[in-house]
Amino acid sequence: MNIGVVGLGFVGLSVSCVFANKGLNIHGVDIDEQKMSIINQKKSPFFEPEINEILDKVLNKSLNVNSNLEKCVKESEIIFVCVGTPSNSDGSSNLNYLKNTCKDISKFLNKIQDGKFRIIVIKSTIPPQTIETEIMPLMKQNTSKQIGVDFDICSNPEFLKEGSAINDMLNPHLVVIGTNNEKTKYKINNFYTKLYSDSVNIMNTTIVNAELIKYTNNSFLATKISFINNIANICNKIPGADVEIIAEAIGMDPRIGKMFLKAGPGYGGSCFPKDVVGFLNFIKLQGFSMPILESTHKINQNQPLEIIKMIKSKLSDIDGKNISILGLSFKKNTDDIREAVSIKIVNKLLEQNAKIKVNDPMAIPNFKQIFNEKIDYCDSIEDCLKDSDCCVILTEWDNFKNIQPEMFVKLMKNPIIIDARRIFDVNKFKDIADFTALGYGK
Ligand code: NAD
């Protein structure tokens, strides 16, 4: 079966690789020539476990990548649209990439006379009602073909996570198909049941419900994180309190569940921050409000400042101090620094004239593009810690977890450690260094 994938970022390339590895013929399209040249050298433009191995296997066989959208539309029965939907400055969702893509697709559909029913599947995260109130009318304007008769457009939000994208694509917990058309429903259901066998959970629903499911899903997860971060900040002030113990206990309650209860410096990445503000913006436009989600956002914006407060409480004056940052990516196993807390914290520390050294297994090249010569980039943890006045752990990379307390003491000028990710066993550090862990009241 010939499938098109438009937009070869984290989602589109992961989707393309997994589909191609399952034997489908994938025509991947992107407008970023540099990105495609990297992919055509069998390399992923971003770090993602397992993706290079699959690319090496499928590229120029079941996966072909270029900028020819017209050919992609002509040859494909199903076209997955995975272009970015970043935030505008007012928090609303920037739908320009999606609109441009759909407009072009409708123009190309116009030229095709083979009588085949094509389905455009929107994987990009978009505000509720976007497909029916904006995309469908736009496509109607640009093609003489009839929606629902000659072609159709449906919603199929993506739930993969950076750092485990391939595994998530191979084993989705749920596939949501939003369509109001029986033919589309049949064809997309058929596509997914063949791809994953009958064991996959499929939810068929309307387009607007599918759009709402994705925003609600991310908003709920973000709220869980802000909730536990709020508890962590309270624990900071209560001697003997420990957010890790609280989270472990409440996570055992099956009504709550243990995931997304890890206190930290706040959520970042390309999804939660933008989807929370995007949803809030949508809610406001409808004339409603959602105070709980407003608080989620506010707590998250404040959380990096809690880390700065912890640093200040240890160093009193930050001016001229050497501060080591371990971890730059917004979470482990990715080089993505979009909306990463590390950016906010480094900016705040630079404002106060701190000297910053950073280490991260994957994200240094991306970080260099933002901070250039303003900070020192260290290839090793040892270099990063040497002669430091304070070390802050901002990402939960596995290799940081193996650092022994003695190493901090040996290398740092002042062994002050702030574990903002709770990766260390507090007891191991108790009498060795000046160790502070987020959500651990001393
Ligand atoms: P991305 O920024 O990494 O990739 C988007 C790609 O689309 C880029 O390569 C860009 O060049 C390309 N593009 C833009 N306009 C184009 C056009 N007209 N034709 C062809 N290509 C075009 O974004 P992403 O992280 O892959 O996210 C894509 C969508 O999926 C977003 O809506 C996002 O919210 C959603 N999503 C992301 C994740 C994630 O973990 N990153 C997870 C689930 C859903």
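First, a word on scope: everything that follows refers to the structure included in this document. Note that the structure is a prediction, hence the values are computed from the model and not measured.

Some details on helix α1 (residues 10-21)
The end-to-end C-alpha distance of α1, which contains twelve residues, comes to 17 Å, matching closely the 16 Å that a straight helix rising 1.5 Å per residue would cover. Within α1 the residues assigned to the buried category are F10, G12, L13, S14, V15, S16, C17, V18, F19 and A20.

So, the nonpolar core
In this structure, I311, I323, I325, L349, I356 and F367 are the most contacted members of the largest nonpolar core, which totals 42 residues. If one sorts the elements of this core by residue count, helix α13 (residues 341-351) sits on top with six residues. With sequence-adjacent residues up to four places away left out, I311 is seen in contact with I318, I323, L349, C390, V392 and I418. In terms of nonpolar packing, the next biggest core, distinct from the first, is built from 41 residues, V15, F19, L59 and I177 among them.

A few points about the site of the ligand
Taken together, 27 residues sit near the ligand, with V11, D30, K35, T85 and K274 positioned nearest. A distance of 2.9 Å separates an oxygen atom of the ligand from a polar backbone atom of T125. E162 places a side-chain nitrogen or oxygen 2.8 Å from a nitrogen atom of the ligand. In isolation the ligand exposes 840 Å². Once the protein is present, 89% of that is buried. Every element with two or more residues in the shell around the ligand is listed here: α1 and α5 (96-111). Among the residues forming the shell around the ligand, the class breakdown is eleven nonpolar, eight polar and eight charged.

A short note on the environment of D360
If you trace the backbone, D360 turns up in the loop between β10 (355-359) and α14 (364-371). Among the residues examined, D360 registers a relative accessible area of 5% and is labelled buried. For the pair D360 and G12, spaced 348 residues apart in sequence, the C-alpha separation works out to 25 Å. Here D360 is in contact with G327, L328, S329, T395, W397 and F400, once residues within four sequence places are set aside. At a separation of 2.8 Å, a polar atom in the side chain of D360 contacts the main-chain amide nitrogen of M362.

Rules used in this analysis
- Residues numbered from 1 in each chain as written.
- Predicted model: local features only at pLDDT ≥ 70, side-chain atom pairs only at ≥ 80, totals over all residues.
- Heavy atoms only, no water.
- Helix = DSSP H or I, 4+ residues; strand = E, 2+ residues; numbered from the N terminus.
- Expected span 1.5 Å × (residues − 1).
- Buried < 20%, exposed > 50% of the residue type's maximum accessible area, 1.4 Å probe, protein only.
- Core = buried A, V, L, I, M, F, W, Y, C linked by side-chain atoms within 4.5 Å.
- Contact = heavy atoms within 4.5 Å.
- Near = heavy atom within 4 Å.
- Polar contact = N/O pair within 3.5 Å; in protein donor to acceptor, adjacent residues only side chain to side chain.
- Areas by Shrake-Rupley, 256 points an atom, 1.4 Å probe, with all protein chains shown as cover.
- Nonpolar A, V, L, I, M, F, W, Y, C, P; charged D, E, K, R; others polar.

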